[in-house]
Amino acid sequence: MELLEAIDGRRSVREYTDAPVDDAVLRELIDAAINAPSAINQQPWAFIVINDAAKLTRISDQAKAHLLKASLAAPAHPFREMLNDPKFHIFYHAPVLVVIAAAEPTDWAVEDCALAAENMMLAAYAKGLGTCWIGFAQNWLATPDGKAALGVPATYAPIAPIIVGHPRRQPPPVPRKAPEIHWLGASPPKA
Ligand SMILES: Cc1cc2nc3c(=O)[nH]c(=O)nc-3n(C[C@H](O)[C@H](O)[C@H](O)COP(=O)(O)O)c2cc1C
């Protein structure tokens, strides 16, 4: 698949089949992730792969409760109703969650892990798989209980929780705002 085709076609997938994802394929996705650039080539990332449905449901429940507790101070929290719905699974029942965590607290660990995540999502799309970054999981995963659930030391910082699976259908295009561009010192290209 052409790179630009993958960049254009990748969408956040929220409906998955029950089909598992091969470990060998997940390893290929991680190999794509680690080809991302990283500041001073520090490659601070670690990958935690979870394909245990019961564990993913437990994490989903704990992450929802954590977000709801945190949102009590802000009753207008836009996702409150969704988070209160016992049927809402923050991982959409995807078969796999890959958490990209910073194993070292480097100055640019967040940027490095986010770049690795995008590589992984594009590579997954090129292989016919779906992905979605699940920000809902981040706050709880960063707690001591969350890190214990991931089996990582307290010094690790979970950055990018990415679900992976076989899409039930390809989501429609998601509109983009026109980019705000400031052309400085150069003529803008003619439309
Ligand atoms: C940092 C980050 C956090 C996100 N968190 C969630 C999330 O918790 N749940 C969800 O369904 N989608 C989540 N998304 C997906 C965005 O909603 C999605 O990328 C956006 O709507 C654009 O759609 P597209 O990815 O299909 O182009 C997240 C995306 C990013 C980059």
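Residues numbered from 1 in each chain as written. Predicted model: local features only at pLDDT ≥ 70, side-chain atom pairs only at ≥ 80, totals over all residues. Heavy atoms only, no water.

Draft legend 1. How the structure looks around the overall build of the chain. Regarding its fold elements, the chain presents 7 helices and 4 strands. Listing every helix and strand of the chain by position from the N terminus yields α-α-β-α-α-β-α-β-α-α-β. The C-alpha radius of gyration of the chain comes to 18 Å, within 12% of the 16 Å expected for a compact globule of 191 residues. By its C-alpha atoms, the chain is 50 × 40 × 35 Å across when sized along the principal axes. Here the chain holds 191 residues, and 41% of them are scored as buried. Surface exposure of the chain reaches about 11200 Å², of which carbon and sulfur atoms provide 57%. (Helix = DSSP H or I, 4+ residues; strand = E, 2+ residues; numbered from the N terminus. Rg over C-alpha atoms; globule rule 2.2 N^0.38 Å. Buried < 20%, exposed > 50% of the residue type's maximum accessible area, 1.4 Å probe, protein only. Areas by Shrake-Rupley, 256 points an atom, 1.4 Å probe, with all protein chains shown as cover.)

Draft legend 2. How the structure looks around helix H3 (residues 53-71). Taking 1.5 Å per residue as the helical rise, H3 with its 19 residues ought to reach 27 Å, and the 27 Å between its terminal C-alpha atoms agrees with that figure. Those residues of H3 that sit buried are Leu56, Ile59, Ser60, Ala63, Lys64, Leu67, Leu68 and Ser71. Seen from one end, H3 has its buried residues packed into an arc of 165 degrees, which puts them on one side. Close packing links the buried residues of H3 with strand S1 (45-50), helix H4 (80-84), strand S2 (96-102) and helix H6 (138-141). (Expected span 1.5 Å × (residues − 1). Arc of directions from axis to C-beta. Contact = heavy atoms within 4.5 Å.)

Draft legend 3. A look at the environment of Pro37. As for its position among the elements, Pro37 is in the loop between helix H2 (23-33) and S1. Placed 82 residues apart in sequence, Pro37 and Asn119 show a C-alpha to C-alpha distance of 9.9 Å. When residues no more than four places from it in sequence are discounted, the contact partners of Pro37 are Trp45, Asp112 and Leu115.

Draft legend 4. Inspection of the sheet that holds strand S4 (residues 157-165) at higher detail. Read from one edge of the open sheet, 4 strands run S1-S2-S4-S3, paired in antiparallel fashion. Both outer strands of the open sheet, S1 and strand S3 (130-133), are each paired with one neighbouring strand and no more. Direction aside, the axes of adjacent strands within the sheet are offset by 25 degrees on average. Of the strand pairs in this sheet, S2 and S4 are connected by 7 bridges, and their pairing is antiparallel. Counterpart to Leu97 in the pairing with S4 is Ile163. Packed on one face of the sheet, helix H5 (residues 109-126) meets S1, S2, S3 and S4 and runs near 155 degrees to S2. (Pairing = 2+ DSSP bridges. Axes fitted to C-alpha atoms, helices over the stretch in contact; angles between N-to-C directions.)

Draft legend 5. The packing of aromatic side chains, seen in detail. For the structure shown, the criterion picks out 3 aromatic pairs. Each ring, one from Phe88 and one from Tyr92, has its centre 5.9 Å from the other, and the planes form 75 degrees; the classification is edge-to-face. Seen from their ring centres, Phe88 and Phe136 are 6.0 Å apart, and the 85 degrees between their planes marks the pair as edge-to-face. Of this pair, Phe88 sits in the loop between H4 and S2 while Phe136 sits in the loop between S3 and H6; the two residues are 48 residues apart in sequence, bridging distant segments of the chain. Take Phe136: its relative accessible area is 18%, and that puts it in the buried class. Chaining the aromatic ring pairs together yields one cluster made of Phe79, Phe88, Tyr92 and Phe136. (Phe/Tyr/Trp six-rings, centres within 6.5 Å; stacked < 30°, edge-to-face > 60°.)

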